[in-house]
Amino acid sequence: MTFRLGTTMRNNGCNGIVDTIDQGSGAGKVKIYTSTQPGSVGGTYGTLLGTLVMSDPAFGAAATGVATASAITSDTSADASGTAGTFTLTDSDDNVLSDGTCGQGSGDLSFDNNVIVAGGVIAISSLTITQPIS
């Protein structure tokens, strides 16, 4: 037997996840790193390539288990050069809440070009978080 979530439960679960990003004194952040995803959230992420600031609140309400991020401010001057491999979502106090993989046309966060150049622009056009059915 498979345990499944109805739409209301999926939405509530998804909203709980994304609302955590809004905790702290300001807007949450997306941080981009060179490393592969560590063994656990909050592990070692390698070189910080850049930080993008989310809106506050970061996401709208979930519909059918999917929450879509509000506008994310581009990092207009990347901290370092490297290939994006991992990203974290943090609250405004830099507490790491989740992480995922980055890639060029792949990964949890897909870039059109994941090679970042110091001083260059890092932009995210859209970001969604999905609460699965089961």
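Within every chain, residues take consecutive numbers counted from 1 along the sequence as written. Thresholds applied to this predicted model are a pLDDT of at least 70 for local features of residues and 80 or more for the giving and counting of side-chain atom pairs; totals over whole chains, interfaces and linings are not thresholded and use all residues. Where side-chain values are given, they derive from all heavy atoms of the structure, hydrogens and water being excluded.

(A) Focus on the nonpolar core. In these notes, a set of buried Ala, Val, Leu, Ile, Met, Phe, Trp, Tyr and Cys residues joined through side-chain atoms within 4.5 Å is what counts as a nonpolar core. A 1.4 Å probe rolled over the protein chains alone gives each residue an accessible area, and that area as a share of the maximum for its type sets the label: buried under 20%, exposed over 50%, partly exposed in between. By size, the foremost hydrophobic cluster in this structure holds 27 residues, and its most contacted members are Val30, Ile32, Met54, Phe59, Leu109 and Leu127. Sorting the residues of this core by element identifies helix H1 (7-20), strand E1 (29-33), strand E2 (48-54), strand E6 (86-90) and strand E8 (109-111) as the ones contributing at least two each. Where helices and strands are cited, they refer to DSSP runs of H or I of at least four residues and of E of at least two residues respectively, numbered from the N terminus. It is E2 that provides the largest number of residues to this core, a total of 3 residues. The contacts of Leu109, once residues within four sequence positions are left out, are Val30, Ile32, Phe87, Thr101, Cys102, Gly103, Ile124 and Leu127. Contacts: residue pairs with any heavy atoms within 4.5 Å of one another.

(B) Inspection of the side chain of Lys29 at higher detail. In this structure, Lys29 sits in strand E1. Residue Lys29 is classed as buried on the basis of its relative accessible area, which comes to 16%. Nitrogen and oxygen atoms within 3.5 Å of one another constitute a polar contact, given that in protein one can donate a hydrogen and the other can accept it, and given that sequence-neighbouring residues count only through two side-chain atoms. Here Asp94 takes part through its side chain, which lies 2.9 Å from a polar atom of the side chain of Lys29. With near-sequence residues (within four places) excluded, Lys29 lies in contact with Thr51, Leu52, Met54, Thr88, Leu89, Thr90, Ser92 and Asp94.

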